[in-house]
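Understanding the architecture of this molecule
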Amino acid sequence: MTKIKAALLGFGTVGQGVYEAIKSHQEKLQERLVAEVEIVAVLIKEPYKKREIDPSVLITTSFEDILNIPDLDVVFEAIVGETPSFTYLSKAIEKGCHVITANKVMFAKYGKLLLEKGRKKNVYVGYEATTAGGVPIIRTISQQLQVNDIQRVQAVLNGTSNFILTEMREKGLSFQKALESAQLHGYAEADPANDIEGKDAFFKLMILSDLVFGAQPDWDAVEVEGIQHITVEDIQAAKTQHLRYKHIADIYRYGRTLKASVKPVLVAPDHALYSIEGVENAVTIYASLVDKITISGPGAGKFPTASAMIEDFVSGYQIPRYQFTLNI
């Protein structure tokens, strides 16, 4: 059987999820691709850390070792931060490899450039996993809403913040106690600033902006407000009025400009995002033909994000190379 040779950049939570999912779903992958998918190399940062990786897999701290693999087909990138991932993916594209990324910070800044590089080299650049975990919003917009004129996108894009607000309302916890609960469950990092201050959702919103509107607003003009100032008293006062705080990322066209914000918003029961709870993410799209649709699902975690990357890979790999310019 034909083999598809893949390399994995990063072996944190998401990288491990991709590695394990490819192994556990090999039969399904072979059925869809008529080929065996084999992880042949893993790029890691700490060489002495123990990892559950097959001995036949090359484990290296050098990206050059990855590039030197003969007939490498695809690179899965799960590194945190914008550098050096942009450089790595640029080189992989130049080599003629398909690339699949979950890196929202990097893609918000350099996504257009990578997509253009991919077009020129006739390879697939997949970024479904950058925006809403396991929620297939990129493919929904790019494949199922091609004719619709999308006027607005509102979304809950950070599971940590959503979990904290849910805990505060349902259990009457203070913000600090709810944050500690999120950390205990593995939903928040030791340093949760990017999540609770709205930065994580901001980068995801900028990726959606490029996809929907073909441009991003001036980053400095985007109102970004976190949830750390919300008190349990605020939550309970809203609850008595049948309202809920949701940390909403919002973007729409206003004349010739784009207006965007990431901030806590009080929503009523008839709002599409009212019932999105816990670590779920959801995206509501307002469009000319479909009117309003909301897609929701798990927003983070090992396997939801790995699912997004692998489904993205399968979707892209089934497209003949000469059609990539029509599908990216």
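Relevant structure appears above.
Conventions used here
- Residues numbered from 1 in each chain as written.
- Predicted model: local features only at pLDDT ≥ 70, side-chain atom pairs only at ≥ 80, totals over all residues.
- Heavy atoms only, no water.
- Helix = DSSP H or I, 4+ residues; strand = E, 2+ residues; numbered from the N terminus.
- Rg over C-alpha atoms; globule rule 2.2 N^0.38 Å.
- Buried < 20%, exposed > 50% of the residue type's maximum accessible area, 1.4 Å probe, protein only.
- Areas by Shrake-Rupley, 256 points an atom, 1.4 Å probe, with all protein chains shown as cover.
- Lys, Arg positive; Asp, Glu negative; His and termini not counted.
- Charge placed at Lys NZ, Arg CZ, Asp CG, Glu CD.
- 1 Å grid on protein atoms, 1.4 Å probe; cavity = no way out; pocket = protein on both sides within 12 Å on 5 of 7 lines; lining within 4 Å.
- Points joined across faces, edges and corners; volume = space filled by probe spheres on them.
- Expected span 1.5 Å × (residues − 1).
- Nonpolar A, V, L, I, M, F, W, Y, C, P; charged D, E, K, R; others polar.
- Pairing = 2+ DSSP bridges.
- Right-handed = clockwise from strand over helix to strand, strands pointing away.
- Contact = heavy atoms within 4.5 Å.
- Axes fitted to C-alpha atoms, helices over the stretch in contact; angles between N-to-C directions.
- Phe/Tyr/Trp six-rings, centres within 6.5 Å; stacked < 30°, edge-to-face > 60°.

A separate point is the overall build of the protein chain. Within the protein chain, the secondary structure is distributed over 13 helices and 12 strands. Relative to the compact-globule value of 20 Å for 328 residues, the protein chain shows a C-alpha radius of gyration of 20 Å, a close match. Taken along its principal axes, the extent of the C-alpha atoms in the protein chain is 65 × 45 × 35 Å. A total of 328 residues make up the protein chain; the buried ones form 53% of that total. Accessible area of the protein chain: about 15400 Å², with a carbon and sulfur share of 49%. The averaged location of the 40 negative side-chain charges in the protein chain is 3 Å from the averaged location of its 35 positive side-chain charges.

Moving on, we come to empty space enclosed by the protein. Enumeration according to the criterion identifies one cavity of 30 Å³ or more in this entry. The volume enclosed by the largest cavity comes to roughly 40 Å³. Breaking the lining of the largest cavity down by element, the ones donating at least two residues are helix H7 (159-171), helix H11 (232-240) and strand E9 (244-254).

An ideal rise of 1.5 Å per residue puts 22 Å on 16 residues; helix H12 (residues 302-317) measures up with 22 Å between its terminal C-alpha atoms. Along H12, the residues classified as buried are Pro-304, Thr-305, Ala-306, Ala-308, Met-309, Ile-310, Asp-312, Phe-313, Val-314, Ser-315 and Gly-316.

Before going further, it helps to spend a moment on unusual backbone geometry. For the bond running from Thr-83 to Pro-84, omega is 5°, close enough to zero to count as cis. Inspection of the secondary structure assignment puts Pro-84 in the loop between strand E4 (74-77) and helix H4 (85-95). For Asp-71, which is not glycine, the phi torsion reads 60° and is therefore positive. With respect to the secondary-structure elements, Asp-71 resides in the loop between helix H3 (63-67) and E4. What makes Asp-71 exposed here is its relative accessible area of 62%. A positive phi angle, close to 60°, is found at His-242, a residue other than glycine. For His-242, the position within the fold is in the loop between H11 and E9.

Time to look at the layout of surface pockets. In this model, the largest pocket occupies a volume close to 1600 Å³. What lines the largest pocket is a set of 50 residues, and nearest its centre among them are Thr-13, Val-14, Val-80, Lys-104 and Glu-189. Of all the secondary-structure elements, those providing two or more residues to the lining of the largest pocket are helix H1 (13-24), helix H5 (104-121), H7, helix H9 (193-196), helix H10 (199-213) and H12. In terms of residue count, the dominant contributor to the lining of the largest pocket is H10 (four residues). By residue class, the composition of the lining of the largest pocket is 19 nonpolar, 18 polar and 13 charged.

Turning next to the pairing of strand E5 (residues 98-101). Alternating positions in E5 separate into two faces, His-98 and Ile-100 on one and Val-99 and Thr-101 on the other, with burial throughout. Note: E4 against E5, four bridges, orientation parallel. For Val-74, the partnering residue across the bridge sits in E5 and is His-98. Bridge count between E5 and strand E6 (residues 125-126): two bridges; the pairing is parallel. Each residue of the ladder has a partner; that of Val-99, found in E6, is Val-125. Crossover E5 to E6 through H5 is right-handed.

This brings us to the sheet that holds strand E12 (residues 291-298). Sheet architecture is open: six strands sit in the order E8-E10-E9-E7-E11-E12, paired in mixed fashion. Strand pairing shows two members of the sheet lacking a second neighbour, strand E8 (223-224) and E12, which therefore form its edges. Bridge count between strand E7 (residues 150-156) and strand E11 (residues 280-287): six bridges; the pairing is antiparallel. Bridge pairing in E11 links Val-156 to Ala-282. Packed on one face of the sheet, H10 meets E7, E8, E9, strand E10 (257-267) and E11 and runs near 135° to E10.

Turning our attention to the packing of aromatic side chains. Geometry of an aromatic ring pair is reported as the spacing of the ring centres plus the angle between the planes. For the structure shown, the criterion picks out nine aromatic pairs. When the ring of Phe-163 is compared with that of Tyr-187, the centres are 4.9 Å apart and the planes differ by 65°; the resulting orientation is edge-to-face. Of the two residues, Phe-163 is situated in helix H7 and Tyr-187 in the loop between helix H8 (175-184) and H9; the sequence distance between them amounts to 24 residues. Taken together, Phe-202, Phe-203 and Trp-219 form an aromatic cluster joined through their ring pairs.

The six strands lie next to each other as E3-E2-E1-E4-E5-E6, forming an open sheet whose pairing is parallel. Two strands in the sheet have a free side with no partner beyond their single neighbour: strand E3 (58-60) and E6.

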